[in-house]
Amino acid sequence: MEKDVTCEMDRQNKKRNCVGKNDAETDQEEEKELVGSLVVKKLPSEGCTGKNEDPLVLRTQQLFHTLLSSDCELGVVWIPGHVGIRGNEAADAAAKDGATNGTLVYWRESMAGRSLTPHYFSLEDIFATQERVPCKFILPVPRLGFLDPSSESDDIVVGTSAELPFWLARAISSRRRNIVTIDIPKIYKEAYREILKADACVVDLHKFGLFFYQFGAYISRLNHRDSAAIGAILVQTFKERFRQVMDWAHNSGTDPAISQRLDSLERSLFREGHQTQAQLDAWLSQGPERITAAQMVVNHKKRKLADLEHL
């Protein structure tokens, strides 16, 4: 209490000494003194340890009082956390679930709102970007000659061709690091696109790639002359095959030969469609049930009949 009174008196004295200063400078000094006074009221005095015996807290209090007794100017700044950031909230939820339940869960959109937009916490998205793409080096790179098995040099020379994971190729082909040029994988080139245009339903899409749609979505975003055509064929292929996948899910049971012809996205649709059909069949097998009126309605009808009899 004595320290609070002393700090307040010092503030009043400094305010009287600021007569010759402009209003802005006076307001700034008053604000600094007010912040210092509020902090002193929040922290215990030097001789008081308080109920908190944490060494870090006690050390912080000691340093704060030492600075107050010197000529240093102190300020209190509020630093916001990561509350409200979508990715951080999802990471916190996954970490808490893993700590409590011992399971790894990542956030995913519902099937109704799912899209092919890349998602940081999706394992399928990680596997899709691990697919390799043909690249050609346009700059020399030292000590990475082992990436080219046919080369005897320790360095990569200009013009070397290699297949790199897409996440790496994309990182070193940006405007800041233009080290390689990316070519389109053969399953998205014109010859394969013509096959899908002819009849996409007879194609064994699993042989094209396990992540045909997800990986193709990444390829369609590249700055390539065929990017627009690739995006169009992905949409067309999905539309043509969707009806067939749902027909298989509702009528073919759990035939493993069917799922082996689908890519990962179509397999997830096939599983959910089969589960939905099984739930519908279970509900229909229960048979009709008699709908009865609630007891409140029955009692109300009895009271009305009794009133009519009294009339």
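Residues numbered from 1 in each chain as written. Predicted model: local features only at pLDDT ≥ 70, side-chain atom pairs only at ≥ 80, totals over all residues. Heavy atoms only, no water.

Thoughts on the overall build of the protein
Counting secondary structure elements, the protein contains 13 helices and 3 strands. Residue pairs in contact within the protein that sit at least 24 positions apart in sequence constitute 58% of those at least 6 positions apart. For the protein, the exposed area adds up to about 22,600 Å²; of that, 56% sits on carbon and sulfur atoms. (Helix = DSSP H or I, 4+ residues; strand = E, 2+ residues; numbered from the N terminus. Contact = heavy atoms within 4.5 Å. Areas by Shrake-Rupley, 256 points an atom, 1.4 Å probe, with all protein chains shown as cover.)

As for the confidence of the model for the protein
Of all residues in the protein, 70% attain a pLDDT of 70 or more, and the chain-wide mean is 76. Across residues 30-49 the pLDDT falls below 50, and counting only partners more than four positions away or on other chains, this stretch makes 24 contacts in the model. (pLDDT = per-residue confidence, 0-100.)

Here we look at the environment of Pro134
Within the secondary structure layout, Pro134 lies in strand β1 (residues 132-137). Note on Pro134: relative accessible area 25%, which makes it partly exposed. Once residues within four sequence positions are removed from consideration, Pro134 is found in contact with Ala162, Glu163, Thr181, Ile182, Asp183, Ile184 and Pro185. (Buried < 20%, exposed > 50% of the residue type's maximum accessible area, 1.4 Å probe, protein only.)

Section: the nonpolar core
Grouped together as the largest cluster of nonpolar side chains are 30 residues, with contacts concentrated most on Val133, Tyr188, Leu196, Phe212 and Ile219. It is helix α9 (residues 212-219) that provides the largest number of residues to this core, a total of 5 residues. Filtering out sequence-adjacent residues up to four positions away, Val133 remains in contact with Ala162, Glu163, Leu164, Phe166, Ala169, Ile182, Asp183, Pro185, Phe215 and Ile219. With 8 residues, the next largest nonpolar core counts Val245, Ala249, Leu262 and Phe270 among its residues. (Core = buried A, V, L, I, M, F, W, Y, C linked by side-chain atoms within 4.5 Å.)

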